[in-house]
Amino acid sequence: MKLNRRLFLGATAATLAAPYVNAAGHGRPKVVVIGGGAGGATAARYIAKDSKGEIDVTLVEPSRSYYTCFFSNLYIGGFRDLSSIAHSYGTLASQYGINVVHDWAVGIDRDAKSVTLAGGTVLPYDRLILSPGIDFIDGSVPGWSTATQNAMPHAYKAGSQSELLKAQIESMPQGGVFAMVAPPNPYRCPPGPYERVSMVAHKLKNENPTAKILIVDPKEKFSKQGLFEEGWQKHYGGMIERIGPDFGGNNVSVDAGAMTVSIDGSVEKVDVCNVIPAMKAGRICEMAGITEGNWAPVSGHTMQSRLDENIHVLGDATNQGDMPKSGFSANSQAKVAAMAVRGALTGSKVFPAKFSNTCWSLIDTNDGIKVGASYQATDEKIAKVDGFVSQTGEDADLRKATYEESVGWYAGITSDMFG
Amino acid sequence: MIVAAHNMTSPRTTGGGYACFWGDFLVISCPSGGVSCIFRDGSTLYGFIFHRPETQLFGYSTDYLMEYLKMKLFYSTGLYALILAAGAAQSQTADLTTNDPTQIAAECGGDAGRGVALFEQNCAQCHDITPSTQSKSGPNLHGVVGRTMGSLPDYPYSAALRAGADAGTLWDQQNLHKYLMDPAGYLAGTTMQFDGFANPQDMFDILTYIRTASLPPAPERGSVTVPAEMAAIVGDVAYGEYLAGECMACHSTEPQDTGLPAIHGWDDTDFMIALLEYKLRARDNAPMQMVAQALNNEEIAALAAYFGALD
């Protein structure tokens, strides 16, 4: 039975409680999720789980194993092994009945409501969820491109790049220089580059204590700056130098062949160069025509794209308001989207959207810090309501407890994503 | 004089920047707390560029910026004066009713821990801050932020402060800032024997401490009980399941602690008490306090019902 939309709008509130199927003629309503990270995997799981099989969910994700960006810095620092941050999609397929397709989405036909995959399959959808993460902006760091990412890794999409960067650090000559070209705002994981610096410093302190770390940063300030700087001074005094925009941090180019970084014209030879370029929404959003500028604007109430009500966008790719681009945020937004999608497709109850985020960062062994906030949706954006942040000078027990919390969180969120 | 306000923002800053001319001085501030000052002496241009990104400054009006510059620019070799002046940006007004120590610290731009020591050094000889009306040579400061000037009934205030009291002037953050940086300058005739702080950060830290010390004390852990009207609520398990989405981001379904406590299968009452204790700050842990404060009684009961029913 196909319900006419005009008929639905005229219905009384009582009939809204009755499930109705807004499917193209027959069968279960279909949801396609593109991107199997913190946003997509969570959305797929919650829709499948909470609809109790009423909704047909397909998850399109190129990687067979998902390496979480969160905790990849801990892997680089030697606190985790690689397999501990790798997750498979087998449980989502077997326990939740999600059709996991390892392929790339290469086209979206919004009128026909279908997704075309690189392998040729065409997937029809009633609702589409895009959670593609980020892509890098070409030319944002002159001299760097995907062609040079083996010489100068970004390691800002976890997995091989994380392994590569770790191996490069291990091959540094004694007393060598690890340089990081940090990204401009907005970018995924605001404290990420600085946790990475902390983890690299931890590794170098043990393996290459005369080595130096140079951060070249187009930004004045960064997330949890006072806390990181206090920690760097305490644990890695003298190893880390940061060049901000006042001294050329926003006028940088690199030469991957020569392994040099040019800062305001002054050329520095380096041994490892971690370039983290400027970012934009994962390209499928642009291809779908739902971006404005670099990001996909959404309504916080449902995570629906402001440009197409049948498409929801999650996580890093969005322009939504106050929430940072983080895995925790994507997982939080996924649940709101899942609830909205189920409400639209099966008439299930929809509660007001609430969101939260906490970002934990590890500065050194048992020295963890965090920042977090709760949010609610307004018509204009997702707005911060309340927040907290670690303080400088906290005692060692609290910092250790903060780190242990993050370990617990990692177990929690990965079960929440992958089942 | 020309005042131009530019919003030189980066995401999630708390204020805009100012660029203003004061006579022959051009003062430019940015939300990071940095400031540049360019002035001409005859035909020579001088410039200062100073950045203190960790300084957070709130609640200053343009008038104060100008007043402050006049007072301090020629009398201070420290560039802290310019930093303080740079804080005269539009910014969120302080919520003096909040009970949240983190929010207080953010509004005051200071650190209560540093403030305790500074208070001991600079204020404690004359001012008590325990919750009583006992005053020493200076009036008791418990709860002073947001209070009307000269309001303690038993203290012999100076004429200057009594005038403020009659006018109904409040010790809001702006007025306290001005007073503490230059008591005699702000309130001529004050009998407080203090020359003002040289470093504005010290003043922010002390204010943070005074506000935090004025908060009602959190209950003891173990003393919190479930109020009768809340115990009577039959928790809505379906609502609890929805709310539990937020919990599952951190707490997994593991039966044992993972670094975070396991929350499945608790007795309903114990569960509600735990959340109430976070809400009232009887239990430490900033994320859990934030989570609990966003939950009303019905929601706590729903969560207790949902998690209690799981193995």
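Structure shown above.
The shown structure was predicted, so the numbers you read here are calculated from the model rather than taken from an experiment.

## Topic: the overall build of chain B
Inference 1: Tallying secondary structure elements over chain B gives 13 helices and five strands in all.
Inference 2: Counting all 311 residues of chain B, 38% fall into the buried class.
Inference 3: Within chain B, contacts between residues at least 6 apart in sequence are counted, and of these 57% link residues at least 24 apart.

## Thoughts on the overall build of chain A
Inference 1: Within chain A, the secondary structure is distributed over eleven helices and 25 strands.
Inference 2: For 419 residues, the compact-globule formula gives about 22 Å, and the C-alpha radius of gyration of chain A, at 22 Å, lands near that figure.
Inference 3: Overall size of chain A, expressed as C-alpha extent along the three principal axes, is 70 × 45 × 40 Å.
Inference 4: Taken over 419 residues, chain A has a buried fraction of 53%.
Inference 5: In chain A, the share of contacts with a sequence separation of at least 24, taken over all contacts with a separation of at least 6, comes to 68%.

## Let's talk about the pairing of strand β15 (residues 260-263) of chain A
Side-chain direction in a regular strand flips from residue to residue, so the side chains alternate between the two faces of the sheet.
All names here are of chain A.
Inference 1: Summarising the sheet, strand β14 (residues 252-255) and β15 pair through four bridges and their orientation is antiparallel. Each bridged residue has a counterpart across the sheet, and for V252 the counterpart in β15 is I263.
Inference 2: Hairpin connection of β14 to β15: four residues between the antiparallel strands, including M259 at a positive phi of 55°.
Inference 3: Note that β15 and strand β16 (residues 266-269) share four bridges and pair antiparallel. By the bridge assignment for β16, V261 is matched with E268.
Inference 4: Remark: two residues form the turn of the hairpin made by β15 and β16, two consecutive strands paired antiparallel; D264 in that turn has positive phi of roughly 55°.

## Focus: the interface of chain B and chain A
Inference 1: On the chain A side, the residues contacting the 27 residues of chain B number 34 residues.
Inference 2: Mapped by element, the contributors of at least two residues to the side of chain B that touches chain A are α10 (237-248) and α12 (286-293) of chain B.
Inference 3: Residue classes in the side of chain B that touches chain A are distributed as eleven nonpolar, eleven polar and five charged.

## A closer look at the sheet that holds strand β7 (residues 114-117) of chain A
All names here are of chain A.
Inference 1: The strand order across the open sheet formed by three strands is β6-β7-β8, and the pairing between neighbours is antiparallel. What marks the edges here is a single partner per strand, and that holds for β6 (105-109) and β8 (122-124). Averaged over all pairs of adjacent strands, the angle between their axes in this sheet comes to 20°, without regard to strand direction.

Parameters at a glance
Residues numbered from 1 in each chain as written. Chains lettered and ligands numbered in written order. Predicted model: local features only at pLDDT ≥ 70, side-chain atom pairs only at ≥ 80, totals over all residues. Helix = DSSP H or I, 4+ residues; strand = E, 2+ residues; numbered from the N terminus. Buried ≥ 20, exposed ≤ 12 C-beta atoms within 10 Å, placed from the backbone. Contact = placed C-beta atoms within 7 Å. Rg over C-alpha atoms; globule rule 2.2 N^0.38 Å. Pairing = 2+ DSSP bridges. Nonpolar A, V, L, I, M, F, W, Y, C, P; charged D, E, K, R; others polar. Axes fitted to C-alpha atoms, helices over the stretch in contact; angles between N-to-C directions.

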